[in-house]
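Take a look at the letters that make up each chain.
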Amino acid sequence: MYNQWRDCQEWQKQGLPLSTTNNETAKLYDAVLCQYVGWYDEDAVGGIEASAKKLVESDPNFVLGHVLVNGLDVMGTGRSIYLDAEFKTDIDNIVKLAENSNVSSREKLHAEAIKLWAYGDITKAQDKWEEVLVQYPTDMLALKFAHDSYFYMGYSAQIRDSIARVMPHWKKDTPLYGYLMGMHAFGLVETNLYDQAEKEARLGLDLNKNDAWSTHSLAHVFEMMGRQDEGTSFMSSTKDNWTKCGMLACHNYWHWALYLLEKGEQSAALEIFDSEVGQRVKSGALLDIVDSCSLLYRMEMEGVNVGERWKDVYEICKPHIGEHILCFNDIHLLMSTLGSKQKEEANRMMESIHTFINEKTGTQRQLAQEVGAVICNAFQAYDSGNFAEAVELFLPIRYQVWKIGGSNAQRDLFNLFLINAALKSPEKKHHQLARSLLIERKALKECAPMTDRLIGRAMALHVD
Ligand SMILES: [Fe+2]
């Protein structure tokens, strides 16, 4: 992996001057940025956490160091200024540091963006990063923060276009150039441009076989095109490359398990949960948490007996249940309360979501009110065996689900949820609905054994 960290002079030469004069700080800034973009821990600098700590300590006045380090927490979606006084102090400190006279306009924009996100205004934060990128198209920090934030908002076209418009400004020897391919490929796959996405992801992997985000984009291509056999063999044959990137490995295993589940290889999917996803969730990272919840929920919808597995996952979810940082997270956290039969905890979580809606401001509060709470209610209804109610709650908002963010593959859980609820509902009109939804599903992805199995179930129901 790349480890020729840039010093102050090198950053200056590349048109991205830093306000620190400390070369060690400049190099650590690069090291942390590289690990963030590459989803890996670099042993030479003690991994991302240790190097982030050293970065801030080496020059406590370097504003972009604080932006990067706190930005990692912001993007990790596991800390909130409303619940974590220390985090709020750190964010407010960035704003103060940005007032120093040696801080550049680019660094000031970064400081404003992180503050906006932390205070809940995600779209305004994105505008700031794009403002940076118009002037500084090779600023990977702005590019990656924008990329991740578009993902959290479900802004597929922006994921794609944000990368496309800076690409001509990058030279092949610019550090981190190769990662642009996987990032662009992800935007392409999320906007259904599968062939172009595959080409870009493979280019990224040709440049760096350890680029786990390119691997991930290609995994999405296989998922969306119904190429499950290619998916399993690709994930298996390249495992040693992408598992080096520990921050994304759990999610890539999740993709692998999806192919297996689709193919009806339920014990193999369960095996991936037991040996990888269910182990890696112990990291406590929200991405790993939502993957664990998503996989267990999908397996249960497929009729797999997951035994006591929800209990361990719920314990890891527990500290985040009152946070309400992202609607997407909340819905998955609720799944863990339902899966582990903690009905009272589920009710408490719903009360907490309503308090959040009534008392807070920002993008996610709005989303929770319009979509998140409704989805959670539908999941509760389904869990209580009120399948008709689950359908009636979910159906009117099904075309709004993209707003909760995540990928098409992640949100497919909700398509499956509605189909399963309609199949289980006692109402004949819901059985007819299930058939319609399955025709729609089959039209989008021809090779889909799971859809075929669901069609078999739907045809066995009497609709006349
Ligand atoms: Fe994914």
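All values derive from a computational prediction rather than experimental measurement.

Thresholds, definitions, all that
Residues numbered from 1 in each chain as written. Predicted model: local features only at pLDDT ≥ 70, side-chain atom pairs only at ≥ 80, totals over all residues. Heavy atoms only, no water. Helix = DSSP H or I, 4+ residues; strand = E, 2+ residues; numbered from the N terminus. Rg over C-alpha atoms; globule rule 2.2 N^0.38 Å. Buried < 20%, exposed > 50% of the residue type's maximum accessible area, 1.4 Å probe, protein only. Contact = heavy atoms within 4.5 Å. Areas by Shrake-Rupley, 256 points an atom, 1.4 Å probe, with all protein chains shown as cover. Donors = N, O, S within 2.8 Å, 3.2 Å for Na, K, Ca; no water. Tetrahedral: all angles 85-135°; square planar, octahedral: opposite > 155°, others 65-115°. Phe/Tyr/Trp six-rings, centres within 6.5 Å; stacked < 30°, edge-to-face > 60°. Lys NZ or Arg CZ within 6 Å of the ring centre and 35° of its normal. Core = buried A, V, L, I, M, F, W, Y, C linked by side-chain atoms within 4.5 Å. Polar contact = N/O pair within 3.5 Å; in protein donor to acceptor, adjacent residues only side chain to side chain. Expected span 1.5 Å × (residues − 1).

Bringing the overall build of the protein chain into the picture now. What the protein chain contains, in helices and strands, is 25 helices and zero strands. Computed over its C-alpha atoms, the radius of gyration of the protein chain comes to 22 Å, within 12% of the 23 Å expected for a compact globule of 464 residues. Projected onto the principal axes, the alpha-carbon positions of the protein chain cover approximately 75 × 50 × 35 Å. Counting only residues that meet the buried cut, the protein chain has 59% of its 464 residues in that class. Put simply, 65% of the contacts in the protein chain that link residues at least 6 apart link residues at least 24 apart. Put simply, the protein chain shows about 18600 Å² of open surface, and 50% of that area lies on carbon and sulfur atoms.

Turning to the coordination of the iron ion, a few remarks are in order. The protein atoms donating to the iron ion are His-216 (NE2), His-220 (NE2), His-251 (NE2) and His-255 (NE2), with metal-donor distances spanning 2.1 to 2.2 Å. What the four donor atoms of the iron ion show is an angle range of 87 to 177 degrees at the metal, which sorts the shape as irregular. Expressed as a motif, the donor residue spacing for the iron ion is H-x3-H-x30-H-x3-H. Here His-220 is found in helix 12 (residues 212-225), whereas its partner His-251 is found in helix 15 (residues 246-263), with 31 residues between them in sequence. Here His-220 and His-251 have matching classes, each one buried.

Within this structure, the stated rule accounts for 23 aromatic pairs. For the pair Phe-379 and Phe-417, a centre-to-centre distance of 4.0 Å together with 5 degrees between the ring planes defines the contact as stacked. In this pair, Phe-379 is assigned in helix 21 (residues 363-383) and Phe-417 in helix 23 (residues 408-424), connecting sequence segments 38 residues apart. A network of ring pairs unites the aromatic residues Tyr-297, Phe-379, Tyr-382, Phe-387, Phe-394, Phe-414 and Phe-417 as a single cluster. Lying over the aromatic face of Trp-11, Arg-6 brings its terminal NZ or CZ to 4.0 Å of the ring centre. The cationic tip of Lys-115 hangs over the ring face of Tyr-119; the distance from NZ or CZ to the ring centre is 5.6 Å.

Within soluble globular proteins, side chains that are nonpolar tend to cluster in buried spots. Among the nonpolar cores identified, the biggest contains 170 residues, and Trp-129, Met-140, Met-299, Ile-375, Phe-379 and Phe-414 are the most heavily contacted of them. The biggest single contributor to this core is helix 15, with 11 residues. Once residues lying within four places of it in the same chain are set aside, the contact partners of Trp-129 are Met-75, His-110, Ala-113, Ile-114, Trp-117, Ala-142, Phe-145, Ala-146 and Ser-149.

One can find Thr-243 in the loop between helix 14 (239-242) and helix 15. Using a relative accessible area of 23% as the deciding quantity, one classes Thr-243 as partly exposed. When the C-alpha atoms of Thr-243 and Asp-452 are compared, they prove to be 32 Å apart, with 209 residues separating the residues in sequence. If we ignore the near neighbours within four places in the chain, the residues touching Thr-243 are Ala-249, Tyr-253 and Arg-280. Polar side-chain contacts of Thr-243 include one of 2.6 Å to the backbone oxygen of Lys-239.

To continue, consider helix 8 (residues 140-153). Count 3.6 residues to each turn of an α-helix, and residues three or four apart come out pointing the same way. Between the first and last C-alpha of helix 8 there are 20 Å, a value that for 14 residues agrees with the 20 Å anticipated at 1.5 Å per step. For helix 8, a buried count of 14 out of 14 residues is recorded, marking the element as mostly surrounded by other parts of the structure. Its side-chain oxygen placed 3.0 Å from the backbone nitrogen of Leu-141, Asp-139 serves as the N-cap of helix 8. Positive phi shows up at Gly-154, right after helix 8, with a value of about 70 degrees.

Let's shift gears to helix 15. With 18 residues, helix 15 should cover 26 Å at 1.5 Å per step; its first-to-last C-alpha distance of 27 Å lies within 8% of that length. Most of helix 15 sits out of view: 15 of its 18 residues are buried. Count one or two residues on from helix 15 and you reach Gly-264, which has phi positive near 85 degrees.

Next up on the list: unusual backbone geometry. Positive phi is not limited to glycine here, since Trp-39 has a value of about 60 degrees. Judged by relative accessible area, which is 13%, Trp-39 ranks as buried. At Asn-192, a residue that is not glycine, the phi angle is positive and equals roughly 65 degrees. Mapped onto the fold, Asn-192 is located in the loop between helix 10 (179-190) and helix 11 (194-207). Of the residues examined, Asn-192 reaches a relative accessible area of 48% and is grouped as partly exposed.

Note that all results are geometric; they support no functional claim without further evidence.
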